[in-house]
Amino acid sequence: MSRADTVRFRYNQAILVAAIVASIGALPLATARWWLLWVLLIPLAVGVWAWRAGTDADARELRLRALVGQRRVPWTRVAELTADARGRAVARLDDGETLVLPAVRAADLPRLVSATGQELPESAG
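Calculation rules
- Residues numbered from 1 in each chain as written.
- Predicted model: local features only at pLDDT ≥ 70, side-chain atom pairs only at ≥ 80, totals over all residues.
- Heavy atoms only, no water.
- Pairing = 2+ DSSP bridges.
- Helix = DSSP H or I, 4+ residues; strand = E, 2+ residues; numbered from the N terminus.
- Axes fitted to C-alpha atoms, helices over the stretch in contact; angles between N-to-C directions.
- Buried < 20%, exposed > 50% of the residue type's maximum accessible area, 1.4 Å probe, protein only.
- Polar contact = N/O pair within 3.5 Å; in protein donor to acceptor, adjacent residues only side chain to side chain.
- Contact = heavy atoms within 4.5 Å.

K.L.:
Help me understand the sheet that holds strand E4 (residues 70–74) in this model?
P.N.:
Hydrogen bonds between backbone groups are what pair the strands of a sheet, and the pairing can be parallel or antiparallel. The four strands are arranged E1-E2-E3-E4 in an open sheet whose pairing can be described as antiparallel. Each of the sheet's edge strands pairs with one partner strand only, and the pair in question is strand E1 (7–10) and E4. On average, adjacent strands in this sheet sit at an angle of 15 degrees to one another, irrespective of strand direction. Alignment of E1 against strand E2 (residues 54–57), held across four bridges, turns out to be antiparallel. Each bridged residue has a counterpart across the sheet, and for valine 7 the counterpart in E2 is alanine 57.

See the structure below:
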């Protein structure tokens, strides 16, 4: 699969901007004493998470990405795509496990399904 065939879902990049602003704001505190340098790690971790975390989907699999690591789930293991009460997209696997799909909302489900090369059935009504 080419990269063009991959549908990417990411969190709003305003989170990354907020992490940069928080890093600048934390600099005076972190440089006041050497043992306060760890304070800079918090906005750094949030920034890396905002840049990296999300869901990638193509015709073969789902890739769920977090701050560190990722999980690949082939579409053959996905039994159902649905939304939870909070409006987040959830994948139910064939073994009963449920996975919340990072950065995918209920309204994004048609776009997620289109990544598989399939179409959603027309709703009756």
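K.L.:
It is not clear to me how the side chain of threonine 116 should be interpreted in this structure. Could you clarify?
P.N.:
Secondary-structure assignment places threonine 116 in the segment after helix H3 (109–114). Its relative accessible area of 18% is what places threonine 116 among the buried residues. At a separation of 2.5 Å, a polar atom in the side chain of threonine 116 contacts the main-chain carbonyl oxygen of valine 113. With sequence-adjacent residues up to four places away left out, threonine 116 is seen in contact with Asp58, Ala59 and Trp75.

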